[in-house]
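Here is how the chains run, residue by residue.
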Amino acid sequence: MEEGNTIAKRAGSRLCCLCNERKPALKRPKTLEQICRDCFYNVFEEEIHQVIVGNHLFKAGERVAIGASGGKDSTVLAYVMSELNRRHNYGLDLFLLSVDEGITGYRDDSLETVKRNEVQYGLPLKIVSYKDLYGWTMDEIVKVIGLKNNCTFCGVFRRQALDRGAAYLKVDKLVTGHNADDIAETVLLNILRGDVARLSRCTSITTGEDGPIPRCKPFKYTYENFNQNHTYAYFKKLDYFSTECIYSPNAYRGFAREFIKDLERMRPRAIVDIIKSGENFRISTSTKMPEQGTCERCGYISSQKWCKACVLLEGLNRGLPKLGIGRSRFLENSNDNRKEAKRNDGDRSIESKQCGSLDF
């Protein structure tokens with residue numbers, strides 16, 4: 001009788017579907033299989049490895065910068081890239097690259113996490129700051145522009161700052177922790193903005209191949225809704241920073257994120273469908289696309305005479321911060337703008353900080 005009860009208990013106890021040895025710790029979102037922690041680590045890391053190999057993201061000997069904010073996704077990316085590089089002998093020279101936007105109580109704290117990651121993972125760290133590059137911190141910009149359009153400045157400056165940091169490190173590629181949710185949000189945002197040029201390329205796993213530094217997204221197929229990165233970071237006890245940016249509550253992207261989450265609750269495949277739609281998007285041959293050139297002022301890639309960063313910076317330095325917001329044509333009205341700037345700000349000199357050259 002006792003032997004029968006023991007057999008019944010064993011039959012009733014669930015084991016990992018993959019190793020059949022340990023108790024399951026979670027359910028895989030893609031297959032609904034219940035797996036243990038060790039198998040989850042192996043499956044997660046192997047999926048990222050297959051994405052890297054299958055898409056030929058890197059070549060042996062390349063120098064690769066990992067965009068490191070100290071947050072969950074970038075911390076998991078840094079850890080996994082370091083592990084896979086060693087395990088599969090990618091032959092990559094890895095670096096951590098962080099941007100200090102100058103947000104007191106947020107970025108200064110998250111950078112302390114990145115500095116600890118530098119020691120924990122044995123990866124060299126480079127930090128570039130808005131203050132050094134542009135002469136402004138985000139705290140100073142918000143005091144001038146307010147909380148309505150601050151994300152426009154930060155997004156433009158951050159993208160260019162990453163490229164400048166990557167150029168300083170002389171890397172061949174820049175990898176970021178953007179996941180499937182981020183890409184789906186970007187597709188939706190580009191549709192809402194009518195940005196055909198960005199819509200046609202935002203789902204690519206590698207972008208910017210015609211720019212200064214190509215960017216890769218190894219987490220393209222990782223879903224935030226199922227908390228894979230969070231679960232991995234939690235189980236591995238990784239050191240990461242989890243506070244949201246204090247200036248982001250009104251960000252336009254946040255509304256797109258909430259909309260997609262609502263869709264996903266009704267239709268779990270919503271994120272996949274949105275990304276697939278973006279991948280299958282085709283531009284009509286009659287559509288006029290912007291021609292990429294270089295900024296006359298700083299040499300950065302731009303389809304206009306001045307890149308967006310230079311336009312925004314010019315407005316800030318002349319006391320007219322809203323000049324570069326939206327679709328305003330700053331250069332076309334530069335004479336009128338300068339006259340207004342003289343009246344409002346005493347024609348403050350712009351020589352203090354320009355966008356600068358990409359040469360280091």
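Residues numbered from 1 in each chain as written. Predicted model: local features only at pLDDT ≥ 70, side-chain atom pairs only at ≥ 80, totals over all residues. Heavy atoms only, no water.

Looking at an unreviewed UniProt entry, one finds the protein chain named Cytoplasmic tRNA 2-thiolation protein 1, with Linum tenue as its source organism. Turning to the protein chain, the UniProt annotation filed under Pathway (unreviewed entry) states: "tRNA modification; 5-methoxycarbonylmethyl-2-thiouridine-tRNA biosynthesis." In its Sequence similarities (unreviewed entry) section, the UniProt record describing the protein chain reads: "Belongs to the TtcA family. CTU1/NCS6/ATPBD3 subfamily." (UniProt positions renumbered as here; feature names shortened; annotations may be inferred.)

**Student:** What is the right way to look at the sheet that holds strand β3 (residues 63-67) in this model?
**Tutor:** Two modes of strand pairing occur in sheets, parallel and antiparallel, and in both the strands are linked by backbone hydrogen bonds. The six strands lie next to each other as β5-β4-β3-β6-β8-β7, forming an open sheet whose pairing is mixed. Only two strands of the sheet have a single partner each, and these edge strands are β5 (125-129) and β7 (206-207). Alignment of β3 against strand β6 (residues 173-175), held across three bridges, turns out to be parallel. Within β6, the residue paired with Val 64 across the bridge is Lys 173. Contacts from helix α4 (residues 107-121) reach β4 (93-100) and β5, with the element oriented near 165° to β4. (Pairing = 2+ DSSP bridges. Helix = DSSP H or I, 4+ residues; strand = E, 2+ residues; numbered from the N terminus. Contact = heavy atoms within 4.5 Å. Axes fitted to C-alpha atoms, helices over the stretch in contact; angles between N-to-C directions.)

**Student:** Even after reading the chapter, I still don't get a nonpolar patch on the surface, so can you show me in this structure?
**Tutor:** Nonpolar side chains collect at one region of the surface, where Leu 192, Tyr 252 and Phe 255 lie side by side and expose about 340 Å² of accessible area between them. Here Leu 192 is to be found in helix α8 (residues 180-193). (Patch = residues over 30% accessible without salt bridge, like charges linked within 9 Å, V, L, I, M, F, W, Y side chains within 5 Å. Areas by Shrake-Rupley, 256 points an atom, 1.4 Å probe, with all protein chains shown as cover. Salt bridge = Lys/Arg side-chain N within 4 Å of Asp/Glu carboxyl O.)

**Student:** Sorry if this is basic, but what is going on with the packing of aromatic side chains here?
**Tutor:** Each pair of aromatic rings is reported with the distance of its centres and the angle of its planes. In this structure the tally under the stated criterion is 15 aromatic pairs. With centroids separated by 5.8 Å and ring planes inclined at 65°, the aromatic side chains of Tyr 79 and Tyr 121 adopt a geometry described as edge-to-face. Of the two residues, Tyr 79 sits in helix α3 (residues 72-87) while Tyr 121 sits in helix α4, which places them 42 residues apart along the sequence. A single burial state applies to Tyr 79 and to Tyr 121, both of which are buried. Chaining the aromatic ring pairs together yields one cluster made of Phe 40, Tyr 41, Phe 44, Tyr 79, Tyr 121, Phe 219, Tyr 232, Tyr 234 and Phe 235. The ring of Tyr 41 is capped by Lys 236, whose NZ or CZ atom sits 4.2 Å from the centre of that ring. (Phe/Tyr/Trp six-rings, centres within 6.5 Å; stacked < 30°, edge-to-face > 60°. Buried < 20%, exposed > 50% of the residue type's maximum accessible area, 1.4 Å probe, protein only. Lys NZ or Arg CZ within 6 Å of the ring centre and 35° of its normal.)

**Student:** In this structure, what is going on with the packing of helix α2 (residues 37-54) against α3? I would like to understand it.
**Tutor:** When two helices pack together, their arrangement is given by the angle between the helix axes and by the axis-to-axis distance. For the pair α2 and α3, the least separation of the axes is 11 Å and the interaxial angle reads 75°. By the criterion of interaxial angle, the relationship of α2 to α3 is roughly perpendicular. Contact residues: α2 offers Phe 44, Glu 45, Ile 48, His 49 and Ile 52, while α3 offers Val 76, Val 80, Met 81, Leu 84 and Arg 87. Of the residues in the contact of α2 with α3, the class split is seven nonpolar, one polar and two charged. (Parallel < 35°, antiparallel > 145°, perpendicular 65-115°, else oblique. Nonpolar A, V, L, I, M, F, W, Y, C, P; charged D, E, K, R; others polar.)

**Student:** For this particular structure, what's the right way to read the environment of Gln 120?
**Tutor:** Here Gln 120 shows up in helix α4. Spatially, the C-alpha atoms of Gln 120 and Asp 239 are 9.0 Å apart, while their sequence positions differ by 119 residues. In terms of polar contacts, Gln 120 uses its side chain to reach the side chain of Asn 117, at 2.9 Å. (Polar contact = N/O pair within 3.5 Å; in protein donor to acceptor, adjacent residues only side chain to side chain.)

**Student:** Mind showing me how you'd approach helix α6 (residues 138-145) here?
**Tutor:** Residues spaced three or four apart along an α-helix face the same direction, because each turn holds 3.6 residues. Those residues of α6 that sit buried are Met 138, Asp 139, Ile 141, Val 142 and Ile 145. Buried residues of α6, viewed axially, fall in a sector of 160°; they line one side. Against the buried residues of α6 lie α5 (130-134), α7 (150-169) and α13 (308-317). With its phi angle positive at about 85°, Gly 146 sits one or two positions after the end of α6. (Arc of directions from axis to C-beta.)

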